[in-house]
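Breakdown of the fold
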Amino acid sequence: MEEKDVVKEFLCYKCQLKIKYDYFGTKPPFAKSIILLEDTYIMKDPFSSEMGMISLGSHCSLCRKSVCSSGDCSIFYTKRFCLSCVQDKIEEFPVEIQQELKNKALRQTSR
Ligand SMILES: [Zn+2]
Ligand SMILES: [Zn+2]
């Protein structure tokens, strides 16, 4: 696959966040000591932290859409789930997660 001229862009389907990314996968070549738990969209950022990268998001393990790692769009609970799928299958998640989402919903409606 020839990807040189393709601008690689990450798009969160929930919040429409759109950012160029440098790498997608679990082992970013520019951060050798890091192995990620999930395939992740990564942007190089030498100034952000000692890791030199920012993780932008990943794919929801249920609907496979790309979601950013913001708590308003997805959660990581053994795998990545977008909040829409979590809401669809809320009874399959542990009480802590259900509670967390309820709190989020309350915060959003009271804004
Ligand atoms: Zn998002
Ligand atoms: Zn989903």
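Read on for a plain summary of the structure. Small disclaimer: the values here were computed from a predicted structure and weren't measured.

1. Topic: the overall build of the chain
Secondary structure assignment for the chain yields 2 helices and 8 strands. Sequence-ordered secondary structure for the chain, helices as α and strands as β, is β-β-β-β-β-β-β-β-α-α. Dimensions of the chain, computed from C-alpha atoms along their principal axes, come out at roughly 40 × 30 × 25 Å. Put simply, the chain has 111 residues, and 32% of those count as buried. Contacts spanning at least 24 positions in sequence make up 24% of the contacts within the chain whose residues lie at least 6 apart. Of the roughly 7600 Å² that the chain leaves accessible, carbon and sulfur atoms contribute 52%.

2. Details of helix 2 (residues 95–109)
Between its first and last C-alpha, helix 2 extends 21 Å over 15 residues, near the 21 Å set by a 1.5 Å rise per residue. Looking only at helix 2, the buried set comprises Ile97, Leu101 and Lys104. Down the axis of helix 2, the smallest arc covering the buried residues is 55 degrees, so these residues share one side. Across helix 2 from its buried face, at more than 90 degrees, point the exposed residues Val95, Glu96, Leu106 and Thr109. Among the structural elements, strand 7 (74–77) and helix 1 (83–88) are those in contact with the buried residues of helix 2.

3. A closer look at the coordination of the zinc ion (ligand 1)
On the protein side, the zinc ion (ligand 1) has Cys12 (SG), Cys15 (SG), Cys68 (SG) and Cys73 (SG) as donor atoms, found 2.3 Å from it. Geometry at the zinc ion (ligand 1) is tetrahedral, judged from the 4 donor atoms that bind it and their angles of 105 to 114 degrees at the metal. When the donors of the zinc ion (ligand 1) are listed by position in the chain, the intervening gaps give C-x2-C-x52-C-x4-C. Of this pair, Cys15 sits in the loop between strand 1 (9–11) and strand 2 (18–20) while Cys73 is found in the loop between strand 6 (66–68) and strand 7, placing the two residues 58 residues apart along the sequence. On the basis of relative accessibility, which here comes to 3%, the residue Cys73 falls in the buried class.

Calculation criteria
Residues numbered from 1 in each chain as written. Chains lettered and ligands numbered in written order. Predicted model: local features only at pLDDT ≥ 70, side-chain atom pairs only at ≥ 80, totals over all residues. Heavy atoms only, no water. Helix = DSSP H or I, 4+ residues; strand = E, 2+ residues; numbered from the N terminus. Buried < 20%, exposed > 50% of the residue type's maximum accessible area, 1.4 Å probe, protein only. Contact = heavy atoms within 4.5 Å. Areas by Shrake-Rupley, 256 points an atom, 1.4 Å probe, with all protein chains shown as cover. Expected span 1.5 Å × (residues − 1). Arc of directions from axis to C-beta. Donors = N, O, S within 2.8 Å, 3.2 Å for Na, K, Ca; no water. Tetrahedral: all angles 85-135°; square planar, octahedral: opposite > 155°, others 65-115°.

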